[in-house]
Structure formats: structure tokens, C-alpha cells
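Survey of secondary and tertiary structure
The primary structure of each chain is shown beneath.
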Amino acid sequence: MARDRRPSLLRRAGTGDGDGDVDAPRIAAAMEQLRHRGKATLHDRLHRVRMALGLAVQAGLAAALAWIVAHELLHNPQPVFAPISAVGTLAASVGQRLRRTVELIIGVAIGVFLGDVLIYFLGTGGWQLGMVVTAAILVTIFFGASVAIVIQAAATAVLIVTLSPSTQDLEVPRFVDAFIGGGIALVVTAILLPLNPLRVINRAARPALDLLADQLDVAAGALRDRDRDRAQGALERLRENKAELATFTEAIEGAKETSTLSPARWHRRSELTHYADAVEPIDRAMRNSGTLIRRSVTMIEDGEPVPDPMPDAVGHLAEAVRLLCHEFAVGAEPEKARERSLRAVSEAGRAYEQGVGFSGSVVVAQVRTTASDLLVASGIDQQEANRLVRESFGEQRKPATEAGEAEPGPRTPPAAPSVG
């Protein structure tokens, strides 16, 4: 006979006589994680939509204008390639649109020339199409063309071979359409609908800086609680920062292009220089923070002492990153971010004085180096940043961190962090 499993299920789920549900806390935690993940995913998607909104509007306007100009003004009955070229130019990596337009026109010219010549001698058909595409690719590669030109030349050659027999005078409209589409795309981005470069950069910078600040906060909490798994999770998440940093770097290039091409944005050039100078030290801060968190994991695993000021130092670094992001966004001098960076160094000095192990000394050194990176990102030159870090650290016997800084032998094995 089948066993009655109801008592067992009742014991696990809780009965009416006051017994607790032993699985409820674990299930509730799992459900909370799912809800948090869903909110995070929705937030990320909405952020991506906001980031792409300006580009989408620009592309729609450029495509419409390209079609109108080619059809109404130049009387091209089928101006297919004009809007395609406009969208292709705008779809290029931000900061490369002028080069993309030139590449489109060069690729079209090569494809038209090769397609027309080979059709004249070989006629049309399947094997002729293969010959034309092969020739277009080999010729463009021989002359050292970029990948975009190679692709555009091959695509143009295909269109010439396949459409020429049924469409009269395709070659000239194709070339003119490409020129019109690319030119109108530049006019839209530079004159008609130029994006605010600072706003674009602020939106792109926030995910990268928020990621860094959040994981430093997690690492600080993990150090306080000696939670190895939380620290490891922060490390793994921080290692996924390439997409956020690439978006930030690309936004800088796009802003430079906008401030160069758009007369309405010329007055932003000096402000953009500050952002451009901040990309490299922010990248270093992320890499040095990765070393900091990795050593925090080892420190917890090895049972090394964690002085109370050490988690505070890491937490101050996180707040310094948030302040830097905010002060960048509002165009303010990042005084608060600098002050919080130096406070992190001061707390690290107290932690070092109280006594740390080998991995702890590396964490202290990385706090110093990361703080130096943030100071440089805020607009302070490297030498001055190193001096401020040394002063804030205090007179404790401290590890060597900055370039050219020789320290007396520390009480713990010396660390070898990356130079900030």
C-alpha cells in the first residue's frame, strides 16, 4: 500500500498546532532575491532605453530627411539607399560617425566601379556575382581599407550585380544616395538635433561608477561580518565591469565628436576635457578595487585580524565614488569626493597601526592607491594626489604604494599593489 505522506508534508510546511515552517525563511530569502533581480533587470532595461532614446530620434529624423531629399529634390523614384546610409552612419560607434560617413562613400565608390566594370566584361549571373564580391574584397584589402569599407564595397557590388539588369542608372543614384544619407546624418547630429554631450556622458558614467561604489560597499560589509561569500560575490560582479567602462569611454568619444562638429556645443569643450582625463584613473580605480576585494576574500579565508577602521576605509571609498559621480553630474568642483577619499586613507592608516596580516596590508595599500586614483580623476595631478595620500595616512609605518615612495620596513610583510 502507498504510504501516506501527508504527515511528513505537514511537518515540513507547519501544522496548525503552532509548529513553525522550517523552510519558510529559506524560501522567503529566495523569493526576495528573485524580486530584487527582476527590479534590477527592469531598471537596467529602462536605463538602456534612456541611453538610446536620443540616438533613436536622431536616426528616425535622419532617415526621413534623407528619403525626402533624395525623392523630392533629386527625383529618385526609389531612394532606398539614402535612408540606409543615414541610419548606417548613426548606427556606427559613437565618436566615429564622420569617419563612418567617409567609409560609406569610399566603399560605395569601389563597389560601383568594380560591379560596373565586371558586369561589362562578364555579364550577370551567379558565378559573376561571386567574382565581383571576391574582387571587391581583395581590392579593398590590398589597399589597406578598414573592415567597414570592405563590407560596404562587397555589399554594393552585390546590389549592382543583382539589380542592374532590372534598374536603369542604378550606379549613380546608389552613390549619390550614400553621400546624401551620410551627409544628412551628420547634419542631424551636428546642427538639427545635437545631443547634450555632458548629459550623455553623465548617463554613461553612472552605471560604471555605481557598480564600483556598490561592490566596495558590499566588500566593506563583508569585512565587518567576515562573510567570505559576500566578498567573493562583489569581486565577481566587479570583474564584469568591462561593458560599463566601454560604454563610458565610447560616450566620451561621442561627446568629443559632438563638441567638434556642432557649433551649439563648442562651449562644452573645456568641460569635456575634464571627463576625458578622468577615464583612465577611473579604470585604474576599478582594477585596484578588484585587487582590494580579492585580498579581502583571502584575509577572511585566512582568519587575519580585521581592525574596525578597515571596513570603514572601504566604505568611505564607496561614498567617494558616489560623490564624484554626483559632482561630475552637476558640474561642481569635486571637493566632497576628494575629502571622502582622504578620509578613507586616514581610516586605513588607523587600521594599519592597529595591526594587520599580509593580506590586510595589501588591502590597506589598495585603499591608498584607489584613493589616489579617485583624486586624479577629480582633477588633481598624480604627484599632488600622492602627497595628500601620504599626509592623510599619518605617521604610521606604512606600505609602499605610490611610484617613487620608499617607506621604512613595515611590521607586516610588504605588499606589492599596482601603482595608482
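Every chain's residues receive numbers from 1 upward, in the order its sequence appears when written. Confidence filtering applies because this is a predicted model: local features only for residues at pLDDT of at least 70, side-chain atom pairs given and counted only at 80 or more, and all residues used for totals across whole chains, interfaces and linings. Each side-chain value is worked out from all heavy atoms of the structure, with water and hydrogens disregarded.

When its secondary structure is counted, the protein shows 15 helices and zero strands. Each of the 420 residues in the protein was classed as buried or not, and the buried ones make up 45%. A run of H or I in DSSP becomes a helix once it reaches four residues, and a run of E becomes a strand once it reaches two; helices and strands are each numbered from the N terminus. The rule is simple: take the accessible area with a 1.4 Å probe, protein chains only, and divide by the maximum for that residue type; under 20% is buried, over 50% is exposed, in between is partly exposed.

Turning next to the environment of Ala62. Here Ala62 lies in helix α2 (residues 24–73). For Ala62, a relative accessible area of 0% puts it in the buried group. When the C-alpha atoms of Ala62 and Ile84 are compared, they prove to be 9.8 Å apart, with 22 residues separating the residues in sequence.

By convention in these notes, a salt bridge is any Lys or Arg side-chain nitrogen within 4 Å of a carboxyl oxygen on Asp or Glu. Taken as a whole and assessed by the stated rule, the structure comprises 17 salt bridges. Notably, a salt bridge pairs Glu280 with Arg284, separated by 3.5 Å at the nearest N-O pair. Of this pair, Glu280 and Arg284 both sit in helix α11 (residues 269–301), separated by four residues, roughly a single helical turn. If you follow the salt bridges from partner to partner, you end up with Asp214, Asp217, Glu319 and Arg322 in one network.

Glancing now at the packing of helix α13 (residues 335–354) against helix α14 (residues 358–377). To define axes, lines are fitted to C-alpha atoms, for helices over the stretch in contact only, and angles between the resulting N-to-C directions are given on a 0 to 180 degree scale. Viewed as axis vectors pointing N to C, α13 and α14 meet at an angle of 165°, and their least axial separation amounts to 9 Å. Regarding the angle of α13 to α14, the classification is roughly antiparallel. Crossing of α13 against α14: the hand is left-handed. Across from Arg338, Ser341, Leu342, Ala344, Val345, Ala348 and Tyr352 in α13, the residues of α14 making contact are Ser361, Val364, Val367, Arg368, Ala371, Leu374 and Leu375. Three categories are distinguished: nonpolar for Ala, Val, Leu, Ile, Met, Phe, Trp, Tyr, Cys and Pro, charged for Asp, Glu, Lys and Arg, and polar for the others, with Gly belonging to the last. Within the contact of α13 with α14, the residues separate by chemical class into 10 nonpolar, two polar and two charged. Just so you know how the angles are binned, under 35 degrees is roughly parallel, over 145 roughly antiparallel, 65 to 115 roughly perpendicular, and the rest oblique. Handedness of each helix crossing follows the sense of rotation of the near helix against the far helix: counterclockwise by less than a right angle gives left-handed, clockwise gives right-handed. Should any heavy atoms of two residues lie within 4.5 Å, those residues are counted as being in contact.

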